Amino acid sequence: MKPVSDNLFNLIKSLTGSEKRYIILWFKNSGEKESKLYQQFFEAVEAYAAEHETYNEKEIVSRLKSGFAGKNMVYHKNYLYEKIFSCLRNFHAQSSKINIVKNKIVNIGILLNKSLFKEAKQLIKETRKIAETYQQHYHMLQLLQLEIHLLSITDNMNEFQKNKELIKREFDEILLAVKEHVGAEFSKRNMELLAKKAESKNEALFDDELKKIIHSDQLKPKYTKWSYTHDINYFDSLGIAYYYKNEDKKLLETVNETLKLIDRNKAVVEEIHPFAKMQMHLNYVLASLRCNQLDAAKKELDFIRKNREALYDGNNITCLYFIEIVSFELEMELALKMNDFKKGPYYEEEAARLLKKYGTTISSVKLVDICYALARLLFSAGKFKASLKWANKILSLPNDVFYQEKVCYCYLLRALLLFELEDFDFLEKSYRSTIRYLKKNQALGLIQSSLLRILTKELPFINSKETKDAVYQQFRSLLDKQNNSSQIKQLLEHVDLQHWVNTHLS
């Protein structure tokens, strides 16, 4: 378990602007004796968290005017930690239908304890409508239990007998819906794990498991009143499958189906899945980019950017982080596909801001995606030194099977950058490690070995422009002969070798 210092620091660092304002306002208005001291403590940690990534108690305490030191610090930190949670519970109490239903269930319990049965019955009826509309299965089971309890304590046997079968049937329906939803959710997660295995070259296993999952009854859409989230998982799983199988048109069709489904259930999405539609729009951008429908991708990214701004003070920091990071990565991919390289310096500034803002919460896979897109963009813009900085950032990370392919591309990109920067000594030193890594990951083909040979052994020692042109021309002929394989097409797209050769020939 993390020490309370880290827990408190990370919690305060994650707060939105509106949450911070609410907490400070609570301290000001609480009337508790030590509220002013705890407000100062909160503000000191919050200010320090805005500037630093880790907690430093000595530095934070030094900023306080009075009151916090010595053995009592553990107590003070625990108190502030719990008080923040108390404020957040109050702040979010009416923020979504889930929280509203939770609060109403508590209110029903209070009414029953006070023997206000008529009022409790009315509130159960109202709350069930909300829970049904937003498919809150767990809360519906609680409400049915409260209804049975109400019937039993009011000694109304006739009413109890009349409703017994109906309530039992509803219990069975809800339990079945929960079972199907959980099964579909696990299938979706299984699909994601299998997709990662496919990335690590285990494609045969992926194909076999893919067929089992897609064709299982567990994932087929039911189109019942309880099926909404189940169907989303079905289309999501198909999308994951088509993405990793490079079936771009089917991926786009599947994302379109999902968006239609979300539009039909708009109210539910906004409450239970506030960011689900936004994530589907991200998937739509990804599918459009892969199908080279660049105008459609640009339109969707504009929509995401416009609506993302309104989400900064939202309730789910994890979802905000996901949307901001992924949309930024897709914006860079669009710029690369549209040859809009002049935006490279802007994206570099934005990347630095995001890395500072989210720090260690960014996974290594996402970090590689961002750094690699940026390295490619800056390389195509002719900003070789800046590009090399981001490429080296990837190569300095611990090796991970989930981004081996991009590391292979990155080794080749680094070779091109070192050549452009005329750092031939380091290029010569890195030659062996590059060859070794590509060979180990079965990525050392004819194109790769030829590129490394001409960069390291041939071009640095040629003085004549005509001879250099001949080497570039030979390499372009080799690319033209080899570019019918999917692996080489991917390499050409990622490292942009055709563009590099053509630039030097012209």
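1. Brief notes about the overall build of the protein chain
From N to C terminus, the protein chain includes 25 helices and 0 strands. When burial is assessed residue by residue, the protein chain has 45% of its 506 residues classed as buried. For the protein chain, restricting intrachain contacts to residue pairs at least 6 apart in sequence, the fraction spanning at least 24 positions comes to 65%. Here the protein chain has roughly 27100 Å² of accessible surface; of this, 52% comes from carbon and sulfur atoms.

2. As for the packing of helix 18 (residues 364–380) against helix 20 (residues 404–420)
Contact geometry for helix 18 and helix 20: axes closest at 11 Å, N-to-C directions at 30°. Taken as axis vectors, helix 18 and helix 20 run roughly parallel relative to one another. Viewed along their axes, helix 18 and helix 20 form a crossing whose handedness is left-handed. When helix 18 is examined against helix 20, the residues Val368, Asp369, Tyr372, Ala375, Arg376 and Phe379 are found in contact with a partner set consisting of Lys406, Tyr409, Cys410, Leu413, Leu416 and Leu417. Class assignment of the residues belonging to the contact of helix 18 with helix 20 gives a composition of 9 nonpolar, no polar and 3 charged.

3. Some words on helix 5 (residues 73–91)
For helix 5, spanning 19 residues, the distance from its first C-alpha to its last is 27 Å, which sits close to the expected 27 Å at 1.5 Å a residue. Along helix 5, the residues that are buried comprise Met73, His76, Lys77, Leu80, Tyr81, Lys83, Ile84, Cys87 and Leu88.

4. Comments concerning the pattern of salt bridges
Pairs can form between side chains of opposite charge once their charged atoms are near each other. Tallied over the full model, the rule gives 19 salt bridges. Between Lys20 and Glu46 there is a salt bridge, and its shortest N-O distance comes to 3.1 Å. Placement of Lys20 in helix 2 (residues 17–29) and of Glu46 in helix 3 (residues 35–51) is noted, with a sequence separation of 26 residues between them. Among the residues examined, Glu46 registers a relative accessible area of 22% and is labelled partly exposed. Taking the shortest distance from any N to any O, the salt bridge between Lys389 and Glu348 comes out at 3.4 Å. With a gap of 41 residues between them, Lys389 in helix 19 (residues 384–395) and Glu348 in helix 17 (residues 344–358) connect regions that are remote in the sequence. Each of the salt bridges in this network shares a partner with another, and the network as a whole consists of Lys298, Asp302, Arg305 and Glu331.

5. Comments concerning the nonpolar core
Counting 68 residues, the largest nonpolar core has Phe475, Leu497 and Trp500 as its most contacted members. Looking at this core, the element that brings in the most residues is helix 20, giving 12 residues. If we ignore the near neighbours within four places in the chain, the residues touching Leu497 are Leu416, Ile447, Leu451, Phe475, Leu479, Leu491 and Leu492. Core analysis: the next-biggest nonpolar cluster, separate from the first, contains 24 residues, Ile12, Phe27, Phe42 and Leu64 among them.

6. Thoughts on the confidence of the model for the protein chain
Low pLDDT marks stretches whose predicted atomic positions should not be read closely. Residues with a pLDDT of 70 or more make up 77% of the protein chain, whose mean pLDDT is 78. Counting interchain partners and residues more than four positions distant, the pLDDT-below-50 stretch residues 217–226 has 34 contacts.

7. A word on the packing of helix 2 against helix 3
Two elements in contact, helix 2 and helix 3, have axes separated by 8 Å at closest approach and are oriented at 160°. Judged by the inter-axis angle, helix 2 sits roughly antiparallel to helix 3. Between helix 2 and helix 3 the crossing geometry is left-handed. Facing helix 2, whose interface residues are Lys20, Ile23, Ile24, Phe27 and Lys28, helix 3 presents Ser35, Tyr38, Gln39, Phe42, Glu43 and Glu46. Taken together, the residues that form the contact of helix 2 with helix 3 break down as 5 nonpolar, 2 polar and 4 charged.

8. Quick look at the state of the cysteines
Disulfides are covalent bonds that connect the sulfur atoms of two cysteines. Considering all chains together, one arrives at 0 disulfides under this definition. Distance from the sulfur of Cys371, which forms no disulfide, to the nearest cysteine sulfur (Cys410) is 8.6 Å. On the basis of relative accessible area, Cys371 is assigned to the buried category, the value being 1%.

9. Here we look at the environment of Tyr243
If you trace the backbone, Tyr243 turns up in helix 11 (residues 228–244). In this structure Tyr243 touches Leu251, Leu286 and Arg290, once residues within four positions along its chain are discounted.

10. Here we look at the packing of aromatic side chains
Inspection of the entire model under this criterion finds 14 aromatic pairs. Measuring from centroid to centroid gives 5.4 Å for Trp26 and Phe27, while their planes differ by 75°, and the two rings are edge-to-face. Feature note: the residues Phe419, Phe424, Tyr472 and Trp500 constitute an aromatic cluster, connected by ring pairs.

11. A look at the environment of Ala131
As for its placement among the helices and strands, Ala131 is situated in helix 7 (residues 117–133). For Ala131 and Leu141, which are 10 residues apart along the polypeptide, the C-alpha to C-alpha distance reads 9.9 Å. The contacts of Ala131, once residues within four sequence positions are left out, are Val101, Gln136, Met140 and Leu143.

12. Quick look at unusual backbone geometry
Even without being a glycine, Asn339 presents a positive backbone phi close to 55°. Mapped onto the fold, Asn339 is located in the loop between helix 16 (317–337) and helix 17. You will see that Gln442, though not glycine, has its phi angle at about 55°, which is positive.

13. Section: the side chain of Gln39
Its location among the elements puts Gln39 in helix 3. Look past the residues within four positions of Gln39 in its chain and what remains in contact with it is Ile24, Phe27 and Lys28.

14. Some details on the environment of Glu324
One can find Glu324 in helix 16. For the pair formed by Glu324 and Leu354, sequence separation is 30 residues and the distance between their alpha carbons is 8.5 Å. Of the polar contacts made by the side chain of Glu324, one reaches the side chain of Lys357; its length is 3.1 Å.

Analysis parameters
Residues numbered from 1 in each chain as written. Predicted model: local features only at pLDDT ≥ 70, side-chain atom pairs only at ≥ 80, totals over all residues. Heavy atoms only, no water. Helix = DSSP H or I, 4+ residues; strand = E, 2+ residues; numbered from the N terminus. Buried < 20%, exposed > 50% of the residue type's maximum accessible area, 1.4 Å probe, protein only. Contact = heavy atoms within 4.5 Å. Areas by Shrake-Rupley, 256 points an atom, 1.4 Å probe, with all protein chains shown as cover. Axes fitted to C-alpha atoms, helices over the stretch in contact; angles between N-to-C directions. Parallel < 35°, antiparallel > 145°, perpendicular 65-115°, else oblique. Left-handed = near helix turned anticlockwise from the far one by under 90°. Nonpolar A, V, L, I, M, F, W, Y, C, P; charged D, E, K, R; others polar. Expected span 1.5 Å × (residues − 1). Salt bridge = Lys/Arg side-chain N within 4 Å of Asp/Glu carboxyl O. Core = buried A, V, L, I, M, F, W, Y, C linked by side-chain atoms within 4.5 Å. pLDDT = per-residue confidence, 0-100. Disulfide = S-S within 2.5 Å. Phe/Tyr/Trp six-rings, centres within 6.5 Å; stacked < 30°, edge-to-face > 60°. Polar contact = N/O pair within 3.5 Å; in protein donor to acceptor, adjacent residues only side chain to side chain.

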